[in-house]
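# Analysis of the macromolecular model
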Amino acid sequence: KQGPDISTLRAIPWIFAWTQTRLNLPGWLGVGAALKEQIEAGNLHVLQKMYQEWPFFQSTIDLIEMILAKSDPRVHAQYDARLVDDELKPLGSLLRDGLQETMELMLAVTGHSNLSSSNRTLRRLIDERNPYLDVINLLQVEILHQLREEDNNSALRDALLISINGIAAGMRNTG
């Protein structure tokens, strides 16, 4: 039997892992680059008009904006700082920079002052949940770090499962 490689990677755990670390990479990667290309080509007004007048485009942008609103580069940086080898840390930094740029470009297109500000209920729920999620994420980082030293520790494994379920429940779009 062959060992794991990129061909054995499956979409659900891949997306789930990015959600757990609050980077939500599969939901926004490429969006910022596409928006930036169009804005640099002088088409910001066209994108804004499309957002205002095309329901499908507006719905798509609003869904991506929700994903961005649930993302937190500060939390993701904690995973990198504690769990990622030094030679790979620049990649995490690059991804977080891309997330931040995508957030800024999205606000330029929508005209919103904050991510998901047009959906006050969602914005309030995210703001209320984040302090609790932040703590669970930090605990998860420490649990994962300790599990690397004690991979047969059943108490740590149980704690990891609880943290996974807590984050999934708090994010409200996975799990």
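Structure: see above.
Criteria and thresholds
- Residues numbered from 1 in each chain as written.
- Predicted model: local features only at pLDDT ≥ 70, side-chain atom pairs only at ≥ 80, totals over all residues.
- Heavy atoms only, no water.
- Helix = DSSP H or I, 4+ residues; strand = E, 2+ residues; numbered from the N terminus.
- Buried < 20%, exposed > 50% of the residue type's maximum accessible area, 1.4 Å probe, protein only.
- Expected span 1.5 Å × (residues − 1).
- Arc of directions from axis to C-beta.
- Polar contact = N/O pair within 3.5 Å; in protein donor to acceptor, adjacent residues only side chain to side chain.
- Axes fitted to C-alpha atoms, helices over the stretch in contact; angles between N-to-C directions.
- Parallel < 35°, antiparallel > 145°, perpendicular 65-115°, else oblique.
- Contact = heavy atoms within 4.5 Å.
- Nonpolar A, V, L, I, M, F, W, Y, C, P; charged D, E, K, R; others polar.
- Core = buried A, V, L, I, M, F, W, Y, C linked by side-chain atoms within 4.5 Å.
- 1 Å grid on protein atoms, 1.4 Å probe; cavity = no way out; pocket = protein on both sides within 12 Å on 5 of 7 lines; lining within 4 Å.
- Points joined across faces, edges and corners; volume = space filled by probe spheres on them.

Turning to the overall build of the protein chain, a few remarks are in order. In terms of regular secondary structure, the protein chain is built from nine helices and zero strands. Listing the helices and strands of the protein chain from first to last along the sequence gives α-α-α-α-α-α-α-α-α. By principal-axis analysis of the C-alpha atoms, the protein chain measures approximately 55 × 35 × 30 Å. Put simply, the protein chain has 175 residues, and 36% of those count as buried.

Turning to helix α9 (residues 154-171), a few remarks are in order. In a regular helix each residue adds 1.5 Å, so 18 residues correspond to 26 Å; α9 covers 26 Å between its end C-alpha atoms and thus fits that length. Here α9 has its buried residues at Leu 156, Leu 160, Ser 163, Ile 167, Ala 168, Gly 170 and Met 171. Looking straight down α9, one finds its buried side chains confined to an arc of 165°; they lie on one side. Of the exposed residues in α9, those oriented more than 90 degrees away from the buried face are Ser 154, Ala 155, Leu 161, Ile 162 and Asn 165. One side-chain oxygen at the N-terminal end of α9 lies 3.0 Å from the backbone nitrogen of Ala 155; it belongs to Asn 153.

This part takes up the packing of helix α4 (residues 44-53) against helix α7 (residues 89-110). Two packed helices can be described by the angle between their axes and the distance between those axes. The interhelical angle for the contact between α4 and α7, taken along N-to-C directions, is 70°, at an axis separation of 8 Å. Comparing the axis directions of α4 and α7 gives the class roughly perpendicular. For the pair formed by α4 and α7, the contact residues are Leu 44, Leu 47, Gln 48 and Tyr 51 on the first element and Ala 108, Val 109 and Thr 110 on the second. Along the lines of polarity and charge, the residues of the contact of α4 with α7 split into five nonpolar, two polar and no charged.

Judged by nonpolar contacts, the single largest core of 23 residues is most densely connected at Leu 23, Leu 35, Leu 68 and Met 106. Going through the elements one at a time, α2 (25-28), α3 (31-40), α4, α5 (55-69), α7 and α8 (120-149) are the ones with two or more residues in this core. The dominant element in this core, judged by the number of residues it contributes, is α7, at six residues. Not counting residues up to four positions away in its chain, the partners in contact with Met 106 are Val 31, Leu 35, Ile 61, Ile 64, Glu 65, Leu 68 and Leu 115. Ranked by size, the runner-up nonpolar core spans seven residues in total, among them Tyr 79, Val 141, Ile 167 and Met 171.

For the structure on display, the rule yields one cavity of 30 Å³ or more. Estimated volume of the largest cavity: approximately 30 Å³. Lining the largest cavity are Lys 70, Ile 126, Arg 129, Asn 130, Leu 133, Gly 170 and Met 171. Every element with two or more residues in the lining of the largest cavity is listed here: α8 and α9. Here the element with the most residues in the lining of the largest cavity is α8; it accounts for four residues.

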